[in-house]
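# Analysis of the macromolecular model
Residues per chain are reported as follows:
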Amino acid sequence: MNFSELFKQSGQLCKLSPNGKFMATCVQYRLIIRDVKTLQILQLYTCLDNIQFIEWSSDSLYVLCAMFKRSLIQVWSLEKPDWTCKIDEGSAGLVAARWSPDGRHVLSTADFQIRITVWSLISKSVSYIRYPKHAYEGLDFSKDGKYMALAERRNCKDFVSIFACDSWKLLKHFEAETSDLADLAWSPDGQVLCLWDHVVNYTLYLYSLDGRQIASYSAYQLALGIKSVCWSPSSQFLAIGSFDQKCRVLNHITWKVVAEHSHPSCVDNPTVVVYRETEVKPPQLRGELLNPGGGFSLQSKYQVEQVPVQVPSVKLDPEKHSPKLGVGYVSFSADSRYMATKNDNMPNALWIWDMPNLTLAVLLLQAQPIRVIAWDPLQSRLAMCTNNNKLYMWSPAGCVSVVIPSETPFNATSLSWHPDGNSLVLMSKDHMCLCFLSDPRT
């Protein structure tokens with residue numbers, strides 16, 4: 001691994017372009033575009049206020065910057081630096097902004113979810129979509145970019161509208177069976193739309209493109225229900241993380257449960273490989289500490305432990321309205337070979353499941369709570385950070401822990417993969433750096 005020097009950033013706003021050539025970084029009201037290979041500044045744009053959100057267009061030619069406090073959106077062009085676009089929502093307010101799949105329309109959500117406005121960069125036309133239920137959830141585009149599904153709330157009932165993204169015409173409008181729709185998600189093949197209810201009702205529904213209900217699922221009632229939902233990239237599995245600390249996997253043929261993965265406090269299966277991170281203080285060199293930021297820089301390594309193994313958990317506070325309980329994270333590897341889950345009341349543990357065999361394959365026990373987990377976009381490999389100066393990676397070949405070299409303290413709180421899987425963006429509170437991975441196969 002090779003690490004770049006540190007660069008300033010604010011608001012955790014650092015995103016790689018979809019084509020992998022550019023990197024957009026925000027420092028307060030400035031937008032900086034860098035070349036990923038050389039890290040040289042290509043463009044520098046100045047916005048009207050501190051930037052709170054950025055997003056690349058699908059063709060990597062435009063960057064959207066949202067300033068929610070000012071109800072403003074500014075769009076910048078890489079091909080034409082002098083070209084400007086400003087969208088002012090005015091008194092309607094602004095709570096969310098996003099690109100359409102074609103990269104030529106901007107969708108802005110007004111305050112109090114009054115409406116969604118579709119702004120065309122080509123014809124400068126404006127379209128309005130009324131009754132959106134949520135600001136951030138309840139809207140999803142199909143992977144091929146043809147359709148948009150939107151959750152709506154009318155007359156105290158949930159509805160779903162499906163729009164054609166090329167013309168923004170309403171194709172289908174139907175009432176959902178949910179009592180309080182929480183979110184929705186297209187399957188990667190664009191054939192099935194999944195809807196799930198609020199946490200107080202454990203209900204999940206599957207609809208076809210024409211609004212016909214295909215199936216429904218409910219594991220239990222009268223308790224907190226669904227916490228996370230994720231499709232496998234192959235569309236063959238639908239994973240549901242629940243507050244009862246279980247992850248249930250549905251198959252795409254019968255929509256029945258094919259696996260129910262629990263997260264026990266003691267793992268005693270001899271086939272499970274358990275990696276535990278252990279931290280050690282490095283020796284002093286000539287009386288000087290190894291950490292330039294001051295104090296000892298703890299080095300760590302993974303040890304394979306013998307089962308049975310106790311998984312540490314946190315004690316819940318019954319007076320808190322949002323308990324740290326249940327499977328809050330679930331995601332699949334790019335080839336659908338593995339599934340990773342994280343039980344929120346076991347913050348230091350990552351569970352990796354073998355999907356062909358529907359069994360637990362690996363358990364990772366970290367020294368500190370896991371902050372971010374991200375799968376390699378091309379292969380079965382994931383990266384993690386735990387709010388310290390280390391980068392953790394796992395693959396079927398094993399685990400590795402690498403100290404991020406820096407002259408100033410750098411605690412990684414966020415990360416994202418390059419589209420080609422050969423580098424990573426690591427972010428701390430105020431800085432970012434790139435980690436370049438050397439491929440042993442080349």
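Residues numbered from 1 in each chain as written. Predicted model: local features only at pLDDT ≥ 70, side-chain atom pairs only at ≥ 80, totals over all residues. Heavy atoms only, no water.

### Concerning the overall build of the chain
For clarity, the threshold we go by: Elements are defined by DSSP. Helices are runs of H or I of four residues or more, strands are runs of E of two residues or more, and each kind is numbered from the N terminus. In this setup the radius of gyration rests on C-alpha atoms only. A globule is expected at 2.2 Å times the number of residues raised to 0.38. Three labels apply to residues, based on accessible area from a 1.4 Å probe with only protein chains included: buried if under 20% of the type maximum, exposed if over 50%, partly exposed otherwise in between. Contacts are assigned to residue pairs that have any heavy atoms within 4.5 Å of one another. Calculation of accessible area relied on Shrake-Rupley with a 1.4 Å probe; when residues are assessed, cover is drawn exclusively from the protein chains displayed. Counted as positive: Lys and Arg. Counted as negative: Asp and Glu, with His and the chain ends omitted from the count. The location of each charge is read from NZ of Lys, CZ of Arg, CG of Asp or CD of Glu.
Counting its regular elements, the chain contains 0 helices and 41 strands. Taken over the C-alpha trace, the chain has a radius of gyration of 23 Å; the compact-globule value for 442 residues is 22 Å, and the two agree within 12%. Its C-alpha atoms give the chain principal-axis dimensions of about 70 × 55 × 50 Å. The burial tally for the chain puts 53% of its 442 residues in the buried class. In the chain, 44% of the contacts between residues at least 6 apart in sequence involve partners at least 24 apart. With the model as given, the accessible surface of the chain reaches about 20,800 Å², and the carbon-plus-sulfur share is 50%. Looking at charge distribution, the chain has the averaged site of its 42 positive side-chain charges lying 2 Å from that of its 41 negative ones.

### Some remarks on the packing of aromatic side chains
Note the cut-off: Two rings from Phe, Tyr or Trp (for Trp, the six-membered ring) form a pair when their centres sit within 6.5 Å of each other. Planes less than 30 degrees apart are called stacked, planes more than 60 degrees apart edge-to-face, and all others tilted.
This model, assessed by the stated rule, comprises 14 aromatic pairs. Measuring from ring centre to ring centre gives 5.3 Å for Tyr62 and Trp83, while their planes differ by 70°; the resulting arrangement is edge-to-face. Of the two residues, Tyr62 is situated in strand S8 (residues 62-67) and Trp83 in the loop between strand S9 (72-77) and strand S10 (84-88); the sequence distance between them amounts to 21 residues. Using a relative accessible area of 15% as the deciding quantity, one classes Tyr62 as buried. With relative accessibility at 26%, the residue Trp83 sits in the partly exposed group. Residues Tyr62 and Trp99 carry aromatic rings whose centres are separated by 6.2 Å and whose planes lie at 45° to one another, so their mutual orientation is tilted. Of this pair, Tyr62 sits in strand S8 while Trp99 sits in strand S11 (residues 96-99), placing them 37 residues apart in sequence. Its relative accessible area of 5% is what places Trp99 among the buried residues. Cluster of aromatic residues (ring-pair linked, three or more members): Tyr62, Trp83 and Trp99.

### Describing the pattern of salt bridges
Under the convention used in this document: Whenever a carboxyl oxygen of Asp or Glu lies within 4 Å of a side-chain nitrogen of Lys or Arg, that contact is scored as a salt bridge.
Within this structure, the stated rule accounts for 15 salt bridges. A salt bridge links Asp59 to Arg104, with the shortest nitrogen-to-oxygen separation between them at 2.7 Å. Taken together, the residues span a long stretch of sequence, with Asp59 in the loop between strand S7 (53-56) and S8 and Arg104 in the loop between S11 and strand S12 (105-109) at a distance of 45 residues. The class for Arg104 is buried, based on a relative accessible area of 19%. Put simply, Lys133, Arg153, Asp158 and Asp180 are held in one network by salt bridges that share partners.

### Quick notes on the domain arrangement of the chain
Basically, it comes down to this: Domain boundaries shown here were taken from an automatic or database domain assignment. In this description, buried area is defined as the sum, over both parts, of the accessible area (probe of 1.4 Å) that is lost when the two are combined.
Domains assigned within the chain are domain 1 (1-57 + 405-441) and domain 2 (224-281 + 300-313 + 323-403). Distance from the C-alpha centre of domain 1 to the C-alpha centre of domain 2: 26 Å. Each partner contributes to the interface: domain 1 provides 19 residues, whereas domain 2 provides 23 residues. Across the interface of domain 1 and domain 2, roughly 1,500 Å² is buried in total on both sides, 68% from carbon and sulfur atoms. Our count for the domain 1 to domain 2 interface comes out at 0 salt bridges.

### Some words on the environment of Glu279
Inspection of the secondary structure assignment puts Glu279 in strand S28 (residues 273-280). For Glu279 and Tyr205, which are 74 residues apart along the polypeptide, the C-alpha to C-alpha distance reads 45 Å.

### So, the sheet that holds strand S32 (residues 338-343)
Quick reminder of the rule: The criterion for strand pairing is that DSSP finds at least two bridges linking the strands in question. Axis lines are fitted to C-alpha atoms, over the contacting stretch for helices. Their N-to-C directions set the angle, which ranges from 0 to 180 degrees.
Strand order in the open sheet made by the 6 strands is S29-S28-S34-S33-S32-S31, with mixed pairing throughout. What marks the edges here is a single partner per strand, and that holds for strand S29 (299-305) and strand S31 (327-332). Averaged over all neighbouring strand pairs, the angle between strand axes comes to 20°, with direction disregarded. As paired elements, S28 and S29 share 7 bridges and run antiparallel to each other. Considered in S29, the bridge of Glu279 is made with Ser300.

### A short note on the sheet that holds strand S25 (residues 246-251)
Taken together, 4 strands build an open sheet; the order of strands is S23-S24-S25-S26 and the sheet is antiparallel. Each having just a single partner strand, strand S23 (226-231) and strand S26 (257-262) make up the two edges of the open sheet. Within the sheet, the average angular offset between the axes of one strand and its neighbour, ignoring direction, is 20°. Relative to S25, strand S24 (residues 237-242) runs antiparallel, the two being bridged by 5 bridges. Looking at the pairing, Ala239 lines up with Val249 of S25.

### With respect to the confidence of the model for the chain
Which entries qualify depends on this criterion: Residue-level confidence of the predictor, termed pLDDT, takes values from 0 up to 100.
Residues at a pLDDT of 70 or more form 95% of the chain, whose mean pLDDT is 92. Confidence drops under pLDDT 50 across residues 285-296; counting only partners more than four residues distant or on other chains, this segment forms 16 contacts.

### So, the side chain of Asn388
Counted only if it meets this: Polar contacts, as counted here, are pairs of nitrogen or oxygen atoms within 3.5 Å of one another; within protein the pair requires one atom able to donate a hydrogen and one able to accept it, and residues that are adjacent in sequence qualify only if both atoms are side-chain atoms.
The topology assignment puts Asn388 in the loop between strand S36 (382-385) and strand S37 (390-395). On the basis of relative accessibility, which here comes to 5%, the residue Asn388 falls in the buried class. Within the structure, Asn388 has its side chain in polar contact with the side chain of Tyr392 (distance 3.0 Å). Not counting residues up to four positions away in its chain, the partners in contact with Asn388 are Glu279, Gln368, Phe410, Asn411 and Ala412.

### Points about the pairing of strand S5 (residues 30-35)
The side chains of a regular strand alternate between the sheet's two faces. Relative to S5, strand S4 (residues 22-27) runs antiparallel, the two sharing 6 bridges. Pairing of Met23 across the sheet is with Arg34, part of S5. Remark: 2 residues form the turn of the hairpin made by S4 and S5, two consecutive strands paired antiparallel; Gln28 in that turn has positive phi of roughly 60°. Of the strand pairs in this sheet, S5 and strand S6 (residues 41-46) are connected by 5 bridges, and their pairing is antiparallel. Considered in S6, the bridge of Arg34 is made with Ile41.

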